[in-house]
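Chain residues, written in single-letter form:
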Amino acid sequence: MEFGIACFATHDGVQPGALARLAEERGHESLFFPEHTHIPASRDTPYPAGGELPRKYSHTYDLFVALACAAEATSHIRIGSGICLVIQRDPITTAKEVASIDRVSGGRFEFGVGAGWNREEMENHGTNPRRRMAIMAERVDAMKAIWTQDEASYHGEFVNFDRIWSWPKPAQWPHPPVLVGGNGPTVLDRVLAFGDAWMPNYIPGEDLAARIDELRSRADRHIDVVINAAPAKPEVLEELERMGVRRVVRYVPSSGIAPVEKALDRWESAVAELHGE
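Not measured: the values here are computed from a predicted model.

K.L.:
Break down the packing of helix H6 (residues 187-194) against helix H7 (residues 208-218) for me, with residues and values.
P.N.:
The description of two packed helices rests on the angle between their axes and on the distance between the axes. As a packed pair, H6 and H7 sit with axes 11 Å apart at the nearest point and diverge in direction by 35 degrees. As for how H6 packs across H7, the hand of that crossing is right-handed. Contacts between H6 and H7 pair Val187, Leu188, Asp189, Val191 and Leu192 from the former with Arg211, Glu214, Leu215 and Arg218 from the latter. Classifying every residue of the contact of H6 with H7 gives five nonpolar, no polar and four charged.

The structure is reproduced here in structure tokens:
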């Protein structure tokens, strides 16, 4: 089992390149950045975790700018989107951004995707929240066509384009791993339809083992499990390792260097205790 970190990369916290370099130097396997283009001031959609929405949600850097900084500052750590809100993005532009990041990083990109939770945010991008799952599936499918075909076409309900040329192609073949985020009741359907991995958030009390067993029993190919937002608790890590989880990711604060290093210390201590060190 591998261990990574995630962080909302904000303009007033540790800069993305510096954080990536620190994570690599300290031996972490991966680094993920989430995405929000904006937060509607109405705040009609409640924060899923309850309470007030943390300030960091409305202060994030552009996802692919942060990823480019991380790629340039490092040489071997995996870098990823955790998650990219593809329902709010043009698929032709996003396909080029994904391929470009994968190229400049030397094939180190992990493409986490999801439909999001903030309905007003979706609507501001012209996305009908009721159709967001179908939109996500179609846009990912269209991007795969762009990545794998020299002259791609796509004709669907939500994405429609005739023959196009778009380079670069990703460094990884046929494309970077697609990690499907989410914990909802139908998420496994999406993972099986177009994912290379399932990337749920860790939720205490959820019967994660049963869902992983269901995923494996239904799959006709190998599908990894990547746990996002895991606690720094060795007993939880041990349980996830027994389930055959591929990677566990822990969030660090969007802040200055001292709180980030303290959080990394806690995470590394939990991993060390898991390994009996």
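That was the structure; now back to the text.
K.L.:
Lay out the side chain of Gln172 with the relevant residues and their values.
P.N.:
Within the element layout of this structure, Gln172 appears in the loop between strand S6 (160-164) and strand S7 (178-181). Within the structure, the side chain of Gln172 is placed 3.5 Å from the backbone oxygen of Gly107, a separation counted as a polar contact. Non-local contacts of Gln172, meaning those with residues more than four positions away in its chain, are made with Arg78, Asp102, Gly107, Arg108, Phe109 and Pro177.

K.L.:
Describe the sheet that holds strand S1 (residues 2-6), listing the residues and the values that go with them.
P.N.:
Ordered in space as S1-S2-S3-S4-S7-S8-S9-S10, the eight strands form a closed barrel in which the pairing is parallel. Between one strand axis and the next, the sheet turns through 25 degrees on average, direction left out of account. In terms of strand pairing, strand S4 (residues 109-114) meets S7 through three bridges, oriented parallel. Counterpart to Gly112 in the pairing with S7 is Leu179. Strands in contact with helix H3 (residues 91-104) are strand S3 (78-85) and S4; relative to S4, the strand with the most contacts, it is inclined by about 150 degrees.

Here is what the cut-offs are and how they apply
- Residue indices begin from 1 for each chain and proceed along its sequence in written order.
- Per-residue local features are limited, in this predicted model, to residues with pLDDT of at least 70; the limit for side-chain atom pairs, both in listing and counting, is 80 or more; totals at the level of whole chains, interfaces and linings are taken over all residues.
- Side-chain calculation: all heavy atoms of the structure are included, whereas hydrogens and water are not.
- Between N-to-C directions, angles span 0 to 180 degrees; the directions come from axes that are lines fitted to C-alpha atoms, helices contributing only their stretch in contact.
- By the criteria applied, helices consist of DSSP H or I runs no shorter than four residues and strands consist of E runs no shorter than two, each listed in order from the N terminus.
- Handedness of a crossing follows from how the near helix is turned relative to the far one, being left-handed for an anticlockwise turn of less than a right angle and right-handed for a clockwise one.
- Residues count as neighbours in contact if any of their non-hydrogen atoms are within 4.5 Å of one another.
- We call Asp, Glu, Lys and Arg charged. Ala, Val, Leu, Ile, Met, Phe, Trp, Tyr, Cys and Pro are nonpolar, and the rest, Gly among them, are polar.
- Under this definition, polar contacts are N or O atom pairs within 3.5 Å; protein pairs additionally need one hydrogen-donor-capable and one acceptor-capable atom, and for neighbouring residues in sequence, both atoms have to be side-chain atoms.
- What makes two strands pair is DSSP finding at least two bridges between them.

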